[in-house]
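# Residue-level structure breakdown
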Amino acid sequence: MAQNVLVTGADGFIGSHLTEALMEQGFRVRALCCYNSFGKWGWLDALPAPVKNEIDVVLGDVRDPRGVRLAMEGAEVVYHLAALIAIPFSYHSPDSYVDTNIKGTLNVLNAARDLGTERLLVTSTSEVYGTAQYVPIDENHPYQGQSPYSATKIGADRLAESYWRSFSLPVSIVRPFNTYGPRQSARAVIPTIITQLLGGQTEIQLGSLHPTRDFNFVKDVAAGFLAIAGCKAAVGQEINIATGQEISIGQLAEELIRQINPGAHIVCDEARLRPENSEVERLLGSAEKLRGLTGWAPAYTFSQGLAETIEWMRQHLADYKADRYNI
């Protein structure tokens, strides 16, 4: 196992958990966080001081090729997670998604090629599949760009594939299905529901209730990244991280209402509805390839993951604007 690793997007939700997991495994971690004038390291600031103080934090931007190259120097394994991810905001500002998700990934690929990086993991998303044409969705499922966000992630994935095929770059495309857990932003559905309930609201505002999702606890997703990085046979592969179970948004909301405030009820907020042809109606993934290559399996049940998420958000409710629609 390599000792020097870089995580782009380490200041984000999944990136901070992956950074923490790598530190626990004894890796020397450099964390590329988005530059800001406040000196903030995103969710890395929430890590215990003994862990945080051992991380080599670099502030930069994946849209800057020189900064990316400098950050990647000396890293044997690079985990590329930096991206813009909110689907509603991609309707508003698609240019920024092209710049960050496609051009940012190109910068990472070029630097990895020039530097001779031993392993590169590029983070994809189940959104590249769009509404399921068959289930469970495996890695052979067709791609559907049902939002500017998903279209840019498809583009980034295909760039990564091209660098493996054209230049033998040792890249793996890691494709988590819907990830949830502590530190997730309120633009995602589970934090949206939990923070409204914990904030005392009795009318829980949501968009469509019928779409289904395959929810993965963030610590299981981080374990999936580590398993893929340690598997030579995963080079050149696209690999799902999924549970193989689905739940509708409505069922999820009712369960969280039952656990937190049974007196609450759901109200449809039209502002939260996606355009009809953009809504992904069903996501149910297959992790058979990941299990076959690495033996990975989720360590958390959905109820365990929800309980840990609720408790964390209860303690950090002040970090959220539960009374607003966050896009």
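Residues numbered from 1 in each chain as written. Predicted model: local features only at pLDDT ≥ 70, side-chain atom pairs only at ≥ 80, totals over all residues. Heavy atoms only, no water.

## A closer look at the side chain of Asp-214
- Following the sequence through the fold, Asp-214 ends up in the loop between β9 (212-213) and β10 (216-217).
- Among buried Asp, Glu, Lys and Arg side chains, Asp-214 stands out as unpaired, with Arg-291 the closest opposite charge at 8.8 Å. (Helix = DSSP H or I, 4+ residues; strand = E, 2+ residues; numbered from the N terminus. Buried < 20%, exposed > 50% of the residue type's maximum accessible area, 1.4 Å probe, protein only. Lys, Arg positive; Asp, Glu negative; His and termini not counted. Salt bridge = Lys/Arg side-chain N within 4 Å of Asp/Glu carboxyl O.)

## Some words on the nonpolar core
- Judged by nonpolar contacts, the single largest core of 45 residues is most densely connected at Val-7, Leu-18, Leu-22, Leu-44, Tyr-79, Leu-121 and Phe-225.
- Listing elements by their share of this core, those giving two or more residues are β1 (4-8), α1 (13-24), β2 (28-34), β4 (77-80), α8 (218-229) and β11 (238-241).
- Here the element with the most residues in this core is α8; it accounts for 7 residues.
- Setting aside its immediate chain neighbours within four residues, Phe-225 contacts Ile-14, Leu-18, Tyr-79, Leu-81, Leu-121, Thr-123, Val-174, Pro-176 and Ile-241. (Core = buried A, V, L, I, M, F, W, Y, C linked by side-chain atoms within 4.5 Å. Contact = heavy atoms within 4.5 Å.)

## A look at the packing of α1 against α8
- In the contact formed by α1 and α8, the axes pass within 9 Å of each other and the chain directions differ by 60°. Considered as vectors, α1 and α8 are oriented oblique to each other. Once α1 is placed against α8, the crossing between them reads as right-handed. Between α1 and α8, the contacting residues are Phe-13, Ile-14, His-17, Leu-18, Ala-21 and Leu-22 on the first element and Val-218, Lys-219, Val-221, Ala-222, Phe-225 and Leu-226 on the second. (Axes fitted to C-alpha atoms, helices over the stretch in contact; angles between N-to-C directions. Parallel < 35°, antiparallel > 145°, perpendicular 65-115°, else oblique. Left-handed = near helix turned anticlockwise from the far one by under 90°.)

## Some words on the packing of helix α5 (residues 94-115) against helix α6 (residues 148-167)
- For the pair α5 and α6, interaxial distance at closest approach is 9 Å and the crossing angle is 15°. On the basis of their axis angle, the class for α5 and α6 is roughly parallel. For the pair α5 and α6, the crossing hand works out as right-handed. Of α6, the residues touching α5 (which contributes Pro-94, Tyr-97, Val-98, Asn-101, Ile-102, Thr-105, Leu-106, Leu-109, Asn-110 and Arg-113) are Pro-148, Tyr-149, Thr-152, Lys-153, Gly-155, Ala-156, Leu-159, Ala-160, Tyr-163 and Phe-167.

## A closer look at α8
- The terminal C-alpha atoms of α8, which comprises 12 residues, lie 17 Å apart, in line with the 16 Å expected from a rise of 1.5 Å per residue.
- With 9 of 12 residues buried, α8 lies mostly within the body of the structure.
- Those residues of α8 not exposed but buried are Val-218, Asp-220, Val-221, Ala-222, Gly-224, Phe-225, Leu-226, Ile-228 and Ala-229. (Expected span 1.5 Å × (residues − 1).)

## Things to note about the packing of aromatic side chains
- This structure, assessed with the given rule, holds 12 aromatic pairs.
- Geometrically, the ring pair formed by Tyr-129 and Tyr-143 is stacked, given 6.3 Å between the ring centres and 10° between the ring planes. With Tyr-129 in the loop between β5 (119-123) and α6 and Tyr-143 in the loop between β5 and α6, this residue pair connects regions lying 14 residues apart in the sequence.
- Pairing Tyr-180 with Phe-215 gives two aromatic rings, centres 6.2 Å apart and planes at 90°, and the pair type is edge-to-face. Taken together, the residues Tyr-180 in strand β7 (residues 179-180) and Phe-215 in the loop between β9 and β10 connect sequence positions 35 residues apart.
- A residue is classified by how much of its surface remains accessible, and Phe-215, at 9% relative accessible area, is buried.
- By the ring-pair criterion, three or more aromatic residues cluster together here, those being Tyr-180, Phe-215, Phe-217, Tyr-300 and Phe-302. (Phe/Tyr/Trp six-rings, centres within 6.5 Å; stacked < 30°, edge-to-face > 60°.)

## So, helix α3 (residues 65-72)
- Residues Val-68, Ala-71 and Met-72 constitute the buried set of α3. Projected down its long axis, α3 carries its buried residues within an arc of 95°, all on one side.
- The first or second residue beyond α3 is Gly-74, which carries a positive phi of 85°. (Arc of directions from axis to C-beta.)

## Here we look at the sheet that holds β4
- One open sheet holds the 7 strands; their spatial order is β3-β2-β1-β4-β5-β6-β11, and the pairing between them is parallel. Looking along the sheet, the strands with just one partner apiece sit at the ends: β3 (56-60) and β11. Averaged over all neighbouring strand pairs, the angle between strand axes comes to 20°, with direction disregarded.
- Along the sheet face, α1 touches β1, β2 and β4 and points at about 170° away from the line of β1.
- Along the sheet, α3 contacts β1, β2 and β4; its crossing angle with β2, the most-contacted strand, is approximately 165°. (Pairing = 2+ DSSP bridges.)

## So, the pattern of salt bridges
- Scanning the model with the defined rule gives 18 salt bridges in all.
- The shortest N-O distance in the salt bridge between Glu-246 and Arg-282 comes to 2.6 Å. With Glu-246 in the loop between β11 and β12 (247-248) and Arg-282 in the loop between β13 (265-268) and α10 (288-294), the pair connects residues that are 36 residues apart, well separated along the chain.
- Linking Asp-269 and Arg-272 is a salt bridge whose minimum nitrogen-to-oxygen distance equals 3.0 Å.
- Taken together, the shared-partner salt bridges in this structure form one network comprising Asp-157, Arg-158, Glu-161, Arg-165, Arg-175 and Glu-238.

## Examining the environment of Met-313
- Take Met-313: it is sitting in helix α11 (residues 302-315).
- Linking Met-313 and Leu-226, residues 87 residues apart in sequence, is a C-alpha distance of 26 Å.
- Not counting chain neighbours up to four residues away, the residues in contact with Met-313 comprise Gly-181, Gln-184, Pro-191, Ile-194, Thr-195, Leu-198 and Tyr-320.

## Overview of the pairing of β2
- Summarising the sheet, β1 and β2 pair through 5 bridges and their orientation is parallel. Looking across to β2, one finds that Val-7 is bridged to Ala-31.
- On the question of chirality, the crossover connecting β1 to the parallel β2 by way of α1 is right-handed.
- Of the pairings in the sheet, the one linking β2 to β3 comprises 5 bridges and is parallel in character. Opposite Arg-30, over in β3, you have Asp-56 as the bridge partner. (Right-handed = clockwise from strand over helix to strand, strands pointing away.)

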